[in-house]
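Each chain is listed here by its residues.
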Amino acid sequence: MEEIYAKFVSQKISKTRWRPVPPGSLQTAETFATGSWDNEENYVSLWSIGDFGNLDSDGGFEGDHQLLCDIKHHGDVMDLQFFDQERIVAASSTGCVTVFLHHPNNQTLSVNQQWTAAHYHTGPGSPSYSSAPCTGIVCDNPEIVTVGEDGRINLFRVDHKEAVRTIDNADSSTLHAVTFLRTPEILTVNSIGQLKIWDFRQQGNEPSQILSLTGDRVPLHCVDRHPNQQHVVATGGQDGMLSIWDVRQGTMPVSLLKAHEAEMWEVHFHPSNPDHLFTCSEDGSLWHWDASTDVPEKSSLFHQGGRTGTFLTHSISNQANVHQSLISSWLSTDPAKDRIEITSLLPSRTLSVNSLDVLGPCLVCGTDAEAIYVTRQLFS
C-alpha cells in the first residue's frame, strides 16, 4: 500500500468523515470533515487533501491536508455525519445536535439548525434535567436519527423544529451507535452487548428484535451495515472483538473474530467493495480486513508483526442449500477455507485511533495523538 500521510493538528480528533461524492460522479474523495474532543475549545473542521506526493521547496514529501474552514463546537464531538454535500450533522457531549452548513464560495461553516436538548437525563420527579451526551447519529435525507447516553432515540427531519418521533425509554442502558437497516428500520447497539432493531412504522416503544452475545454483556461501541446485504451487520466493542451478525438468523453473532487488544471504536465496511472492512481501536491500531474470495490460498497471517487471526465461528448449517455466491463472504460457514487477511495500516502504534472513514481508494483516520492520517491508494 502507498504511503499513509500524517498531519499533526494540535487537537485530539474524535471523528473523521469523507464528504460524499455526488452520485454518478467519477471524482474521488477530496474533502473530509473532522470533529475534536477533550480540548479547551473543540471544532468541526473541513479539510481538502490536495495534491499528494509533490516535492515541496525543502525537497520533503508533501502530503499536507489543507484546512478549508472550521467552526467552534460546544462540547466534545461524539459523532459526525454528512447529511448531503453541503451539510454536516454533529452530535455533542452536551446532548445537542447541530447541522452545520458549508459555504464553498467563501469557505466558511455556519450553524444551519440546532436541537439543543435532544438528549437529557431527567431527575426523578423533578422538572430539572441534566444534559446527556448524544452518542451517535445516522442520516438518510431528509431524516436524522440520534441516540444517546439517556437511552433515548430521536427521529428528526431537517427543517422541522421538533423531533418527528421520540422513543423515550428505548434502552435502560447507554445507546452507543445507530445505523439504518432499511429506511424505516434502524439498529442500535448498547452498553450491555445488545443489538436492537426498531421499526418506525410501529407505534410502540418496543424493539422489533433483540440480538445479543450470550453471557458476557460486553459493551458494544460501533456498528455498520453491509452496503449491499442489509441483513449483514458488523459490530465492535470493549473487548476489541469483531462480531458479524445476520439479523435474519437467530439472536447470536455468526462469527466472532479476535481483533484488537482494547476497545474497538469504529467498524466500516468499504461502501463499494464490502469484502473489505476497516476497524480502529483504543490500542492505537487501524486494521484492513480482506475477506474477498479471489485471493488464492489466503493465510490468516497478520501482516505486520505476524499476529494471526483467531477464528471462533458458529457454523450455520441451514445455509448449505443457499447459492454460495449469494452468501456474503462475511457469513462464510467454513473459516478454515476462507481465511481473512488482516493488514495493519499505521506505521507504528500510536495513542487511540478514534475514528476512520473509507470512500473509493481513500481512507482517513483521526487519533488522540492529535494526528490525521490519509491515504489515497488503499487497494494498490
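Residues numbered from 1 in each chain as written. Predicted model: local features only at pLDDT ≥ 70, side-chain atom pairs only at ≥ 80, totals over all residues. Heavy atoms only, no water.

K.L.:
Help me out: how do you make sense of the side chain of Thr179 in this one?
P.N.:
Note that Thr179 resides in strand E18 (residues 175-180). By relative accessible area, which is 9% here, Thr179 ends up buried. Setting aside anything within four residues of it in sequence, one finds Thr179 in contact with Val138, Glu185, Ile186, Leu187, Val223 and Arg225. (Helix = DSSP H or I, 4+ residues; strand = E, 2+ residues; numbered from the N terminus. Buried < 20%, exposed > 50% of the residue type's maximum accessible area, 1.4 Å probe, protein only. Contact = heavy atoms within 4.5 Å.)

K.L.:
Even after reading the chapter, I still don't get the layout of surface pockets, so can you show me in this structure?
P.N.:
If you roll a probe as big as a water molecule over the atoms, it shows you where there is empty space left. A volume near 1,600 Å³ is recorded for the largest pocket. If you go around the largest pocket, you meet 47 residues; those closest to its centre are Arg17, Asp79, Gln81, Ile137 and His268. Elements that contribute at least two residues to the lining of the largest pocket include exactly strand E2 (13-18), strand E8 (77-82), strand E14 (134-140), E18, strand E22 (220-225), strand E26 (264-269) and strand E31 (353-359). With 6 residues, the single largest contributor to the lining of the largest pocket is E14. (1 Å grid on protein atoms, 1.4 Å probe; cavity = no way out; pocket = protein on both sides within 12 Å on 5 of 7 lines; lining within 4 Å. Points joined across faces, edges and corners; volume = space filled by probe spheres on them.)

K.L.:
Where do I start with the pattern of salt bridges in this structure?
P.N.:
According to the stated counting rule, one finds 14 salt bridges in the structure shown. The residue Arg182 makes a salt bridge to Glu185 at a minimum N-O spacing of 2.6 Å. Across the pair Asp199 and Arg201 runs a salt bridge whose closest N-O atoms are separated by 2.8 Å. Owing to a relative accessible area of 11%, Asp199 belongs among the buried residues under this scheme. Judged by its relative accessible area of 58%, Arg201 is exposed. Each of Lys15, Arg17, Asp79 and Glu266 takes part in a single network of salt bridges with overlapping partners. (Salt bridge = Lys/Arg side-chain N within 4 Å of Asp/Glu carboxyl O.)

K.L.:
Would you take a moment to explain the pairing of E14 for this structure?
P.N.:
Consecutive side chains along a regular strand alternate between the two faces of the sheet. Of all the 7 residues making up E14, 6 are buried; the element is thus mostly covered by neighbouring parts of the structure. Bridging between E14 and strand E15 (residues 143-148) involves 6 bridges; their strand directions are antiparallel. Bridge pairing in E15 places Val138 opposite Val145. Where E14 folds back onto E15 in an antiparallel hairpin, the turn is made up of 2 residues. (Pairing = 2+ DSSP bridges.)

K.L.:
Could you clarify how one ought to interpret the nonpolar core in this entry?
P.N.:
Looking at soluble globular proteins, one finds that nonpolar side chains tend to be buried together. Grouped together as the largest cluster of nonpolar side chains are 19 residues, with contacts concentrated most on Leu242, Leu277, Trp289 and Trp330. Listed by contribution, the elements that provide at least two residues to this core are strand E23 (232-237), strand E24 (242-246), E26 and strand E28 (286-290). Tallying contributions element by element places E26 first for this core, with 3 residues. The contact partners of Leu242, leaving out residues within four places of it in the chain, are Ala234, Thr235, Ser255, Leu256, Leu257, Ala259, Met264, Val267, Leu277, Thr279 and Trp289. Within the second largest apolar cluster, 15 residues are counted, among which are Leu187, Leu220, Trp245 and Val247. (Core = buried A, V, L, I, M, F, W, Y, C linked by side-chain atoms within 4.5 Å.)

K.L.:
Before we go on, may I ask you to explain unusual backbone geometry in this structure?
P.N.:
A negative phi angle is the norm for most residues apart from glycine, just as the trans form is the norm for most peptide bonds. With an omega of 10°, the peptide bond running from Asn141 to Pro142 counts as cis. Within the element layout of this structure, Pro142 appears in the loop between E14 and E15.

K.L.:
Is there a simple way to think about the sheet that holds strand E21 (residues 209-212) in this case?
P.N.:
Adjacent strands of a sheet form backbone hydrogen bonds with each other and so pair up, either parallel or antiparallel. Pairing within the open sheet is antiparallel, and its 4 strands lie in the order E18-E19-E20-E21. If you trace the sheet from one side to the other, it starts and ends with E18 and E21, each paired once. The mean inter-strand angle of the sheet, taken between neighbouring strand axes irrespective of direction, is 20°. Strand direction decides the pairing type here: E18 and strand E19 (residues 185-190), joined by 5 bridges, are antiparallel. Within the sheet, the bridge partner assigned to Leu175 lies in E19 and is Asn190. (Axes fitted to C-alpha atoms, helices over the stretch in contact; angles between N-to-C directions.)

K.L.:
What's the story with the packing of aromatic side chains in this structure? I'm lost.
P.N.:
By convention here, two paired aromatic rings are described through the distance between centres and the angle between planes. The tally for this structure, following the rule as stated, stands at 5 aromatic pairs. Judged by centre distance (5.5 Å) and plane angle (80°), the rings of Trp18 and Phe32 are edge-to-face. You can see Trp18 sitting in strand E2 and its partner Phe32 sitting in strand E3 (residues 31-36), a full 14 residues away along the chain. Taking relative accessible area as the criterion, Trp18 reaches 4% and is therefore assigned buried. Between the aromatic rings of Trp115 and Phe156, the centroid separation amounts to 4.3 Å while the plane-to-plane angle is 20°, which identifies the pairing as stacked. Remark: Phe156 occurs in strand E16 (residues 153-157) and Trp115 occurs in strand E11 (residues 108-115); sequence separation between them is 41 residues. The two residues Trp115 and Phe156 agree in class, both being buried. Through a chain of ring-to-ring contacts, three or more aromatic side chains come together here, namely Trp18, Phe32 and Trp47. Directly above the aromatic system of Tyr120 lies the positively charged group of Arg152, at a separation of 4.0 Å from the ring centroid. (Phe/Tyr/Trp six-rings, centres within 6.5 Å; stacked < 30°, edge-to-face > 60°. Lys NZ or Arg CZ within 6 Å of the ring centre and 35° of its normal.)

K.L.:
Explain the pairing of E26 here, please?
P.N.:
The buried fraction of E26 is high, at 5 of 6 residues. Sheet topology note: the E26/strand E27 (residues 276-281) ladder contains 5 bridges and is antiparallel. What sits directly across from Met264, in E27, is Ser281. In this antiparallel pair of consecutive strands, E26 and E27, the connection spans 6 residues.

K.L.:
Looking at this model, I keep getting lost on the environment of Thr116. Mind explaining?
P.N.:
By secondary structure assignment, the location of Thr116 is in the loop between E11 and strand E12 (120-122). Exposure remark for Thr116: the relative accessible area of 56% places this residue in the exposed category. Taking C-alpha positions, Thr116 is 6.3 Å from Val97, a pair spaced 19 residues apart along the chain. Those residues in contact with Thr116 that sit more than four places away from it in its chain are Gly95 and Cys96.

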